[in-house]
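Residues per chain are reported as follows:
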Amino acid sequence: MASPTTEDHSPHIGIDCINEETQQISEKDIVLEKGGEKDMAPLPGSSSIHRSSSRPQLDVSGAAIQGNFEEKDPTILLPNQSDDISHLALDIGGSLIKLVYFSRHADRQVDDRRKRKVKERLGVSNGSRRSYPILGGRLHFVKFETSKLNECLDFIYSKQLHCGGMDSRCWPSDAPQSENAVIKATGGGAYKFADLFKERLGVSIEKEDEMNCLVAGANFLLKAIRHEAFTHMEGHKEFVQIDHNDLFPYLLVNIGSGVSMIKVDGDGEFQRVSGTNVGGGTYWGLGKLLTKCKSFDELLELSQRGDNSTIDMLVGDIYGGMDYSKIGLSASTIASSFGKAISENKELEDYNPEDISLSLLRMISYNIGQIAYLNALRFGLKRIFFGGFFIRGHAYTMDTISFAVQFWSKGDAQAMFLRHEGFLGALGAFMSYEKHGLDDLMVHQLVERFPMGAPYIGGNVHGPPLGDLNEKISWMEKFVRKGTEITAPVPMAPPATTGLGGFEVPSSKGVLRPDASKLNVGVLHLVPSLEVFPLLADPRTYEPNTIDLSDHGELEYWFTVLSEHLSDLVDKAVASEGGTDDAKRRGDAFARAFSAHLARLMEEPAAYGKLGLANLLELREECLREFHFFDAYRTIKQRENEASLAVLPDLLLELDSMTEDMRLLALIEGVLAANIFDWGSRACVDLYHKGTIIEIYRMSRKKMQRPWRVDDFDAFKERMLGSGERKPQPHKRALLFVDNSGADIVLGMLPLARELLRRGTEVVLVANSLPALNDVTAMELPDIVAEAAKHCDILRGAAEAGGLLVDAMSNIQDGYKEDTPSVPLMVVENGCGSPCIDLRQVSSELAAAAKDADLVILEGMGRSLHTNYNAKFKCDALKLAMVKNQRLAQKLVKGNIYDCVCRYEPAS
């Protein structure tokens, strides 16, 4: 019977369903962290995990993937975790051990009186039932070959995962110990190796049902991680956002050594409906016999260069090169896998191993895809999710399975894949601890971050899990990239350890393969304080990014922009740390690491998930922080703030001398003119060499000629001032998303805030939680407001009402004596540390402030053009920015550099 072809990928037609093994396939690249001594014995009194009668709770309210280049598979951060919890769960298969473990970090709480007062006014509680400091943490994902079980045990022991982790010094010292330490595990190895875990680590293995764990892991990932599922057709990867309210039912196909097909109807509701013993183990086993390959990845690598038509019998071979059009079969359709071997007088050694590997891969992948679809058809299911280490991000495998499902369903069903494809069982075992809290996790509380990493042999971007900054710098100093070939130092373990004893240059260069599509899964940070911005008109359809980086030309342009800006950024970062030798080393390491990120993304844009310009900019800031540059523009910001505050009194006098309508225009002009100061823009950096900050600001003001490129000022003016005798009600509360330090905030946004306050509108200044370029932060704003308030009674009264002035100030300059308004001026952080903002993930403070707001003002390219230009809100919205990039000006507003955008949109 005919089967799909080399060209059209049509799947083959007939196969029986047989029971399978559920063991996982092993993987060549094994990620290890610092190991300990191999020959160790359990330490008395330390080899236990606390298990009280009431098991501790894992607080995952706020989880987020922290992208991690050190591992292909991600770590999940739980920043609000504080209870003592079990730290480890395993899925021990016949080929691989998958390990999920929890690590903690201290989250020091700052006693900020101003912040407490703002929270009280906004009605924001700490949301914690605890009286002691909250600790955070993450979920990490690691794998080992089962044949190297001792390395896995060394790893667990070296990090003390079986007794609280290496950071146990941060834990309560009076935590009770137990002689009955238990680790949750699933898979056949949980039974086979239980005695060895007891002997080596002093812990007992508590076995969890394999199917329960698979389903629990899949349900969690699909509900909690925004870009977990994706489709893959003809090399194109597209991430799919799953509505967790419309998730069930679905078919879960787990491809390990064998294949299980599970119909999932809800949490804890599932049925294994089918399976086959022809799976990853079949591919690896037959491939090893036929090609002499020593690893699964080597076999996959061979398939990249194969031509299955030399072995498979095609329809054209039977019909003289013709199609069998009557039944819809092209000449290139596979009629019989390995069929040509019957009639050809050849021995095994006469066939290319590459062709054998590809023929095997297609035969097995097509059959799995067909059986999966038939079961989906049987139960009326439209969604089919494929997981397991057989897939391991291999582009051709995913394409083959996808085509089979599409072919047989005539497009009615689609195959989807999971980023954490091999860790479903281990994650499910982790969740089987009582009161884990993961069930309550929301998608907006997970943030995926990608800290330091380097392209690794074979096109994967990751490095060894380096423990401290010096190790990271050493890694990057030894990293060399040349053209499309990547050579990176490989962790070299000295005798008797599994740690990183040094580095050696690999004997062969690793080339970024055409299918370098393995997904790098980052660290999952669980951030309970993140919420969806309440004023979005429709959060389900909201897309923050304006620039579509799926366009290769667009991607290449922005990569070039970031690369050209890199040297200047490194100079600023090094200068911010005093220009020391240590700072120079870190600066060079940062440049290498970020360049490695860009190179990886250029080869595979979807490697870290769905990619937008906002993600790129945030990646750069995360990379800076990874090398301990926490505020690269600190000195510049301080200098520009001081210069701007010095001229603020004269500006306020000038504004107060104007009529109401003239003043409103002057204020909007001032915001647009002051927004020119952006160290993230090459055009702006060039301007800094031509004059002082005040000279540039005055020049910019003089060039403010209407109409602007996008000019809705008249509509905004009518809403603010009315027309004729009609005077509109002032807005109740305005949220001002501010941008840069210096003139931008002091001479632009603060005077606008002052005008709103004068009109009786509460004002909330929304600023970054963490530094990014020269953007002002929420921590810096109160001091800027306090200085500005020395020259203005309006600002002073509002700042006092909003809790920004902790102590009453004296020596207020005369000349601005007005009645102190009853409306407050407040500052909240936005929950991010990027020049852009994704309004699906904002701080709880901002979400609380938004509930009574009826005006949103987004200022700056990052927050109103690169992101949110097309965002719709439930309230009035004003987007203000000067365009400081020629391509963005042409693409977005069909204009030129330094064009201005004043876009007003009434409530939706």
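Residues numbered from 1 in each chain as written. Predicted model: local features only at pLDDT ≥ 70, side-chain atom pairs only at ≥ 80, totals over all residues. Heavy atoms only, no water.

Asks: For the pattern of salt bridges, give the residues involved together with the corresponding values.
Replies: What the rule picks out here adds up to 43 salt bridges. R759 is the salt-bridge partner of E660, the closest N and O atoms lying 2.8 Å from each other. Here E660, found in helix 18 (residues 660-674), pairs with R759, found in the loop between helix 22 (743-758) and strand 27 (762-767); they are 99 residues apart in sequence, far enough to count as distant. Its relative accessible area of 34% is what places E660 among the partly exposed residues. Two residues, R709 and D899, come together in a salt bridge whose shortest N-O distance is 3.3 Å. In this pair, R709 sits in the loop between helix 20 (693-702) and strand 25 (710-711) while D899 sits in the loop between helix 27 (886-893) and strand 32 (900-905), placing the two residues 190 residues apart along the sequence. Assessed through its relative accessible area of 17%, D899 is described here as buried. (Salt bridge = Lys/Arg side-chain N within 4 Å of Asp/Glu carboxyl O. Helix = DSSP H or I, 4+ residues; strand = E, 2+ residues; numbered from the N terminus. Buried < 20%, exposed > 50% of the residue type's maximum accessible area, 1.4 Å probe, protein only.)

Asks: Please set out empty space enclosed by the protein residue by residue, giving values where relevant.
Replies: Tallied over the entire structure, the rule returns four cavities of 30 Å³ or more. Of the pockets and cavities examined, the second largest cavity occupies roughly 60 Å³. Taken together, E621, L624, R625, F629, F630, D631, A632, Y633, P771, A772 and L773 make up the full set of residues lining the second largest cavity. Of the residues belonging to the lining of the second largest cavity, the class tally is eight nonpolar, no polar and three charged. Looking at which domains feed residues into the lining of the second largest cavity, each of domain 3 (545-625) and domain 4 (633-805 + 820-903) supplies at least three. (1 Å grid on protein atoms, 1.4 Å probe; cavity = no way out; pocket = protein on both sides within 12 Å on 5 of 7 lines; lining within 4 Å. Points joined across faces, edges and corners; volume = space filled by probe spheres on them. Nonpolar A, V, L, I, M, F, W, Y, C, P; charged D, E, K, R; others polar. Domains from an automatic or database assignment.)

Asks: Give me the sheet that holds strand 25: which residues, what numbers.
Replies: The seven strands lie next to each other as 25-32-31-30-26-27-28, forming an open sheet whose pairing is mixed. Looking along the sheet, the strands with just one partner apiece sit at the ends: strand 25 and strand 28 (825-829). Of the pairings in the sheet, the one linking strand 30 (residues 855-859) to strand 31 (residues 876-882) comprises five bridges and is parallel in character. Considered in strand 31, the bridge of V856 is made with A877. Relative to the sheet, helix 22 contacts strand 26 (733-737), strand 27, strand 28, strand 30 and strand 31, its axis offset from that of strand 30 by approximately 170 degrees. (Pairing = 2+ DSSP bridges. Contact = heavy atoms within 4.5 Å. Axes fitted to C-alpha atoms, helices over the stretch in contact; angles between N-to-C directions.)

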